[in-house]
Amino acid sequence: MSTNDSTVKFVCTVNGEDVRLRLDPRESLLDVLRERLALTGTKKGCDQGHCGACTVHVDGRRVVACLTPALQVTGRAVTTIEGVAGEDGGLHPLQQAFVDNDALQCGYCTPGQIMSGIACIAEGHTATDDEIREYLSGNICRCGAYAGIVAAVRQTAGATRNGA
Ligand code: FES
Ligand code: FES
């Protein structure tokens, strides 16, 4: 059996599932998620690190998957928008808050906004609307749904602080 010598072994977890692949070392985490694992919730906007549409978590910290070589997350835990729902399949509180606050129009930026928003809340950068805007500033929304996005993060952060 022949093996393409230019590929290398890759192991990580994605949304709690073990992933074992052979990869071209040039493949981005974004392309592996979308093209190899069919996790198309993570969006490709600019593919250059400018828009945030591809935001995912690696060991709980947000990264732009388009600029992250897949091999860089070897052995680490990746979470995508497909992995944030509750165990009962219910929406994550921030997903529900996006619905409550009309925080989307076309929805293309939304998975990245939610992944950034979850991290922003976990990091504690939600004291004011200005702070929320600052820490979500890497996520562009061409539809201009920013007011709803900030409101959704504010709502979820408040509920989290109050133990909801
Ligand atoms: Fe990754 Fe735009 S697609 S930042
Ligand atoms: Fe359309 Fe944000 S909802 S780009």
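The present account deals with the structure reproduced in this document. For clarity, every value in this text was computed on a predicted model and none was experimentally measured.

## Brief notes about the packing of helix α3 (residues 110-123) against helix α5 (residues 146-161)
Running from N to C, α3 and α5 cross one another at 40°; their axes reach a closest spacing of 10 Å. By crossing handedness, the relation of α3 to α5 is classed as right-handed. Residues Gln113, Gly117 and Ile121 of α3 touch α5, and the partners they reach there are Ile149, Val153, Thr156, Ala157 and Thr160.

## Details of the nonpolar core
One finds Leu94, Phe98, Ile114, Leu136, Ile149, Ala152 and Val153 to be the most contacted residues of the largest nonpolar core, which totals 21 residues. In this structure, Leu30, Val32, Cys54 and Ala65 belong to the second largest nonpolar core, which totals 19 residues.

## Describing the layout of surface pockets
The computed volume of the largest pocket comes to approximately 170 Å³. Lining the largest pocket, in full, are Gly45, Cys51, Ala53, Cys106, Tyr108, Cys109, Ile140, Cys141, Arg142 and Cys143. Counted by class, the lining of the largest pocket contains eight nonpolar, one polar and one charged residues.

## A look at the environment of Val84
Along the chain, Val84 falls in the loop between β5 (77-79) and α2 (93-100). For the pair formed by Val84 and Met115, sequence separation is 31 residues and the distance between their alpha carbons is 8.5 Å. Val84 has contacts with Thr79, His92, Gln95, Met115 and Ile118, leaving out every residue within four places of it along the chain.

## Observations concerning the pairing of strand β4 (residues 61-64)
When strand β3 (residues 55-58) meets β4, the two strands line up antiparallel, connected through four bridges. By the bridge assignment for β4, Val56 is matched with Val63. Hairpin connection of β3 to β4: two residues between the antiparallel strands, including Asp59 at a positive phi of 50°.

What counts, and where the lines are drawn
The residue numbering used here restarts from 1 in each chain and proceeds along that chain's sequence as written. Throughout, the order in which chains and ligands are written sets their labels, letters from A for the former and numbers from 1 for the latter. Reporting of local features is limited, given that this is a predicted model, to residues whose pLDDT is at least 70; pairs of side-chain atoms are given and counted only at 80 or more, and all residues count toward the totals for whole chains, interfaces and linings. The side-chain figures draw on all heavy atoms in the structure; neither hydrogens nor water molecules are used. With axes taken as lines fitted to C-alpha atoms, and helix axes fitted only over the stretch in contact, angles between N-to-C directions fall between 0 and 180 degrees. Strands are runs of DSSP state E lasting at least 2 residues, helices are runs of H or I lasting at least 4, and numbering of each runs from the N terminus. Definitions for this section: a left-handed crossing has its near helix turned counterclockwise from the far helix by less than a right angle. A right-handed crossing has that turn clockwise. Throughout, a residue-residue contact means that at least one pair of heavy atoms, one from each residue, lies within 4.5 Å. Side-chain atoms within 4.5 Å are what join buried Ala, Val, Leu, Ile, Met, Phe, Trp, Tyr and Cys residues into a set we call a nonpolar core. Partly exposed residues are those whose accessible area sits between 20% and 50% of the maximum for their type, while under 20% is buried and over 50% is exposed, using a 1.4 Å probe and protein chains only. A 1.4 Å probe that fits into a set of points on a 1 Å grid over the protein atoms alone but cannot get out defines a cavity; an open set with protein on both sides within 12 Å along at least five of seven lines defines a pocket, and lining residues are those with an atom within 4 Å of a point. Grid points are joined across faces, edges and corners, and a volume is the space filled by probe spheres set on the points. The residue classification treats Ala, Val, Leu, Ile, Met, Phe, Trp, Tyr, Cys and Pro as nonpolar and Asp, Glu, Lys and Arg as charged. All others, Gly included, are polar. DSSP bridges decide pairing: two strands pair if at least two such bridges lie between them.

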